[in-house]
There are 2 protein chains.
Amino acid sequence: MEQHKLMIPGPVDLTPEVLKETGRPPMGHRTPDFDEILTQCWEDLKYVYQTKNDVILITASGTAAMDAAVASTIEEGDEFVCIGSGKFGERFSLIVKSYGGIAKDVPVEWGKTFDVDAVEKVVAKSNAKAITLTHNETSTGVVHDAESIGKIAKEHDCLFILDAITSLGGDEVKTDAWGVDICTGGSQKCLAAPAGLSTVAVSEKAWEVIESNHTKNYYLNLASYRKSLKKNTTPFTPSVNLIYGLSMALKQIREEGLENRIKRHRTLARATRAAARAMNLELFADPGAASNTVTSIKNPEGFTDDGLRGEVKRKFNILMAGGQEHVKGKIFRIGHMGNVRQPELESVISALETVLHDGGHDLEKGAGLAAAREVFKETG
Amino acid sequence: MEQHKLMIPGPVDLTPEVLKETGRPPMGHRTPDFDEILTQCWEDLKYVYQTKNDVILITASGTAAMDAAVASTIEEGDEFVCIGSGKFGERFSLIVKSYGGIAKDVPVEWGKTFDVDAVEKVVAKSNAKAITLTHNETSTGVVHDAESIGKIAKEHDCLFILDAITSLGGDEVKTDAWGVDICTGGSQKCLAAPAGLSTVAVSEKAWEVIESNHTKNYYLNLASYRKSLKKNTTPFTPSVNLIYGLSMALKQIREEGLENRIKRHRTLARATRAAARAMNLELFADPGAASNTVTSIKNPEGFTDDGLRGEVKRKFNILMAGGQEHVKGKIFRIGHMGNVRQPELESVISALETVLHDGGHDLEKGAGLAAAREVFKETG
């Protein structure tokens, strides 16, 4: 089995230090030593979330955190306004319905962002207990304006549930300043830790709802996690090895500095878009709302998904992501999150140039790389 | 931070090979290479479960598998007969109630096993959709006769949900022969893989219920896992690193052979009990139902939990488990599961002897170790 360079929107390649920690012999999970590691993770997560709120750690994938956010606040018949716009934003709607809630969907065309007034209208017309949004939609490569939804939630006195799984630690996520009540994160995205952990930041306003809620879930009941949080522990056995890995990943984020890290991701995104344009490729996401952690590009004419992504994988050992659901085979996606830096991005651009050129796509060889380098040069 | 030898009922110490795999660079989780690792894990798990049924892998702790079993089969108002007898058996009752189900509890004194007729009576009197049981109850050190409950479930045509989290891979779990419809397992117990994965074996009879059920859970809806299983994948991002570790742990179980492994655990349990008796300690669990993966022992007079377990930890770097809930401070527990063999067991017995002797407990020094060795000698 060959190891491919991961240029997908998570899981991402891990640093040697994170890998080493992940493979360390586990300690007892109910010991003062482990409590210390856990509480340090919580503190580091607060820094990344830019929050003073509690941050919960769940041993499970990101979707579990989205599920926990809904399950812990919903009662049968409650109305949740769910902003669509991609596979993950739309997932909230499915979760709400699975608990007997009423999802007031605000559909958004894939690749575009929402119209704030349209969202406001739906919220005003419904008896919304919460508004849900996926901040950075990897299925379309769009980042949404979460701040404006925070304002609507405040005006209409409902909860704001934000899925920041693929932006947290890579792009700006101002949990407190934006008025996010429940904000979810995932370990294997911009945090650059191994997959299998998810995080939830919870505001006091949300805790009030959660603690009086008849939650229809046991493992993902946030109230249990808060009770344990107060005792510096977790309600169920945590994955000690994954928490070792996350702990080191968070240390490395502190060392880089959140501001530098966000700047790096934004530069990578700009460079990717510039390279795509220089290679005569069409971007899928609205230019005004293009994600800083993943770039979605339309498959050029004459290339199947296998003819493009498959060739890059086989010839250059680099894994990019394909399209999902109805854009499957129509777009491909380059993840530039976590530990990706200029060299990794240049490899994928260079590989793309070769495969496109060999397949007869009209492009000037080297133009993509040159355009990316120009962006890196500008930003230092 | 010091590394303690783990003699607790999970998480357990891992082999160097499992640790190495756990810390390997992750591959893409939607690739043929990863699908292959996943399907091999499923096959190996069938071997350990002694089943021809589907086995599901969930990225989450063992409690999530118990939650998934209930959430995927229950509708509001459904009656579930929940056999108590310890912290984990009783947990089923809480899960049932959290989904609006009616738990018909069969309470069993901690340290004892159930009376089959008493269970049968409760089932006969109720409109039971399912019977739940924790096979091996680590909180009390008791292993229950799951086979007899399987017979009752069959007679009354209800589902049999068995939590085998702390017996699977260490003691006999005959999923098919015992008529278990949903059987849960955890990675960090007798399977000797890192914590953070749980497993669920599901019978055809259970799938019929699950697929027509209005599940009140999204992440833990077993129907989604089956749909993905058919495509050799998972519905949500799996923890690639943990699955690497589990994959190696299962390979090592195949190499040892399930029969040998079960025999090893039974010998360890017998040796532990013999040593405890030789050290003038009183066993907590009913002798007829003592667990083969964990031994519960009453704290001897004159010893606090810290005076006994604390001393063993500080002086000998060995971690044992204390009592939980109402037996906290009254019992301690020695986990002998996963990779524990004669040398590890001898270390903890020897440490106990010293601490007990130094604390004034009436025992003949060396008697515990001798009694254990006698058992190992007998069984070869």
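Keep in mind that this is a model prediction, so the values were computed, not measured.

Some points on the overall build of chain A
Item 1. The helix and strand tally for chain A stands at 13 helices and 13 strands.
Item 2. Relative to its length of 380 residues, chain A is compact, with a C-alpha radius of gyration of 21 Å against a globular reference of 21 Å.
Item 3. Structurally, chain A occupies a C-alpha span of about 60 × 55 × 35 Å along its principal axes.
Item 4. Taken over 380 residues, chain A has a buried fraction of 59%.

Concerning the relation of the copies chain B and chain A
Item 1. After a rotation of 180° and a shift along the axis of 0.0 Å, chain B superposes on chain A with an RMSD of 0.0 Å. One copy is carried onto the other by what is essentially a two-fold rotation axis.
Item 2. Comparing interface residues between copies, 100% of those in chain B also lie at the interface in chain A; the contact surface is shared.

Overview of the confidence of the model for chain A
Item 1. Mean pLDDT over chain A works out to 97, with 99% of the residues at or above the 70 mark.
Item 2. Across the interfaces of the predicted complex, the ipTM metric reaches 0.96, alongside a pTM of 0.97.

With respect to helix 3 (residues 62-71) of chain B
Residue and element names in this part refer to chain B.
Item 1. With 10 of its 10 residues buried, helix 3 lies for the most part within the structure.
Item 2. Listing the buried residues of helix 3 in full gives Gly 62, Thr 63, Ala 64, Ala 65, Met 66, Asp 67, Ala 68, Ala 69, Val 70 and Ala 71.
Item 3. The elements touched by buried residues of helix 3 are strand 2 (54-59), helix 4 (87-98), strand 8 (159-163), strand 9 (182-186), strand 10 (197-202) and helix 8 (222-229).

A word on the sheet that holds strand 4 (residues 102-106) of chain A
All names here are of chain A.
Item 1. The strand order across the open sheet formed by seven strands is 2-10-9-8-5-3-4, and the pairing between neighbours is mixed. Strands at the two margins of the open sheet, each flanked by one partner only, are strand 2 (54-59) and strand 4. When the angles between neighbouring strand axes are averaged without regard to direction, this sheet yields 20°.
Item 2. As judged from the three bridges shared by strand 8 (residues 159-163) and strand 9 (residues 182-186), these two strands associate in the parallel manner. Its bridge partner being in strand 9, Ile 161 is matched across the sheet by Ile 182.
Item 3. Across the face of the sheet, helix 4 (residues 87-98) comes into contact with strand 3 (79-83), strand 4, strand 5 (128-134) and strand 8 while running at roughly 160° to strand 3.

Structural notes on the packing of helix 2 (residues 32-49) of chain B against helix 9 (residues 240-256) of chain B
Residue and element names in this part refer to chain B.
Item 1. Running from N to C, helix 2 and helix 9 point in directions that differ by 45°, and their axes come no closer than 9 Å. The orientation of helix 2 with respect to helix 9, classified from their angle, is oblique. As for the relative orientation of helix 2 and helix 9, their crossing is left-handed in sense. Counted together, Phe 34, Ile 37, Leu 38, Gln 40, Cys 41, Asp 44, Leu 45, Tyr 47 and Val 48 of helix 2 and Val 240, Ile 243, Leu 246, Ser 247, Leu 250, Ile 253 and Arg 254 of helix 9 form the full contact between these two elements.
Item 2. Partitioning the contact of helix 2 with helix 9 into residue classes produces 12 nonpolar, two polar and two charged.

Remarks on helix 7 (residues 204-211) of chain A
All names here are of chain A.
Item 1. Taken as a whole, helix 7 has its buried residues at Ala 206, Val 209 and Ile 210. Seen end-on, helix 7 carries its buried residues on one side only, within an arc spanning 100°. Along helix 7, the residues that are exposed and aim more than 90 degrees away from the buried face are Glu 204 and Glu 208.
Item 2. Its buried side turned inward, helix 7 meets strand 8, strand 9, strand 10 (197-202) and helix 8 (222-229).

A closer look at the sheet that holds strand 13 (residues 331-335) of chain A
All names here are of chain A.
Item 1. The four strands are arranged 1-12-13-11 in an open sheet whose pairing can be described as mixed. Looking at which strands have only one partner, the edges of the open sheet turn out to be strand 1 (5-7) and strand 11 (294-298). Direction aside, neighbouring strands of the sheet carry axes that sit 35° apart on average.
Item 2. Note that strand 12 (residues 318-322) and strand 13 share two bridges and pair antiparallel. Considered in strand 13, the bridge of Ala 321 is made with Arg 333.

A word on the environment of Glu259(B)
Item 1. Considering the arrangement of structural elements, one finds Glu259(B) in helix 10 (residues 258-278).
Item 2. Each C-alpha atom, one on Glu259(B) and one on Gly170(B), is 9.3 Å from the other, the two residues being 89 residues apart in sequence.

A few points about the interface of chain B and chain A
Item 1. At the interface, 47 residues of chain B touch 47 residues of chain A.
Item 2. Of all elements in the fold, only helix 1 (16-22), helix 3, helix 4 and helix 9 of chain B reach the threshold of two or more residues within the side of chain B that touches chain A.
Item 3. By residue number, the principal contributor to the side of chain B that touches chain A is helix 3 of chain B, which donates four residues.
Item 4. Classifying every residue of the side of chain B that touches chain A gives 24 nonpolar, 18 polar and five charged.

Remarks on the nonpolar core
Item 1. Formed by 250 residues in total, the largest nonpolar core has its most connected members in Ile131(A), Val200(A), Met320(A), Ile131(B), Val200(B) and Met320(B).
Item 2. Residues within four places of Val200(B) in sequence aside, it is in contact with Ile56(B), Ile58(B), Ala65(B), Ala68(B), Ala69(B), Ile182(B), Thr184(B) and Leu222(B).

A few points about unusual backbone geometry
Residue and element names in this part refer to chain A.
Item 1. In this structure, Pro 11 follows Gly 10 across a cis peptide bond, with omega equal to -10°.
Item 2. As for its placement among the helices and strands, Pro 11 is situated in the loop between strand 1 and helix 1 (16-22).
Item 3. One non-glycine residue, Gln 50, lies in positive phi territory at about 50°.
Item 4. In this structure, Gln 50 sits in the loop between helix 2 (32-49) and strand 2.
Item 5. Overall, Gln 50 belongs to the partly exposed group, with 18 C-beta atoms counted inside 10 Å.

Side note on the environment of Ser187(B)
All names here are of chain B.
Item 1. Mapping Ser 187 onto the fold places it in the loop between strand 9 and strand 10.
Item 2. Judged by the 32 C-beta atoms lying within 10 Å of it, Ser 187 is buried.
Item 3. The spatial distance from the C-alpha of Ser 187 to the C-alpha of Leu 197 is 5.3 Å, given a sequence separation of 10 residues.
Item 4. Residues contacting Ser 187, with those up to four places away along its chain left out, are Ala 193, Pro 194, Ala 195, Gly 196, Leu 197, Ser 198, Leu 242 and Leu 246.

Rules behind the numbers
- Residues numbered from 1 in each chain as written.
- Chains lettered and ligands numbered in written order.
- Predicted model: local features only at pLDDT ≥ 70, side-chain atom pairs only at ≥ 80, totals over all residues.
- Helix = DSSP H or I, 4+ residues; strand = E, 2+ residues; numbered from the N terminus.
- Rg over C-alpha atoms; globule rule 2.2 N^0.38 Å.
- Buried ≥ 20, exposed ≤ 12 C-beta atoms within 10 Å, placed from the backbone.
- Least-squares fit on C-alpha atoms with pLDDT ≥ 70 in both.
- Contact = placed C-beta atoms within 7 Å.
- pLDDT = per-residue confidence, 0-100.
- Pairing = 2+ DSSP bridges.
- Axes fitted to C-alpha atoms, helices over the stretch in contact; angles between N-to-C directions.
- Parallel < 35°, antiparallel > 145°, perpendicular 65-115°, else oblique.
- Left-handed = near helix turned anticlockwise from the far one by under 90°.
- Nonpolar A, V, L, I, M, F, W, Y, C, P; charged D, E, K, R; others polar.
- Arc of directions from axis to C-beta.
- Core = buried A, V, L, I, M, F, W, Y, C linked by C-beta atoms within 7 Å.

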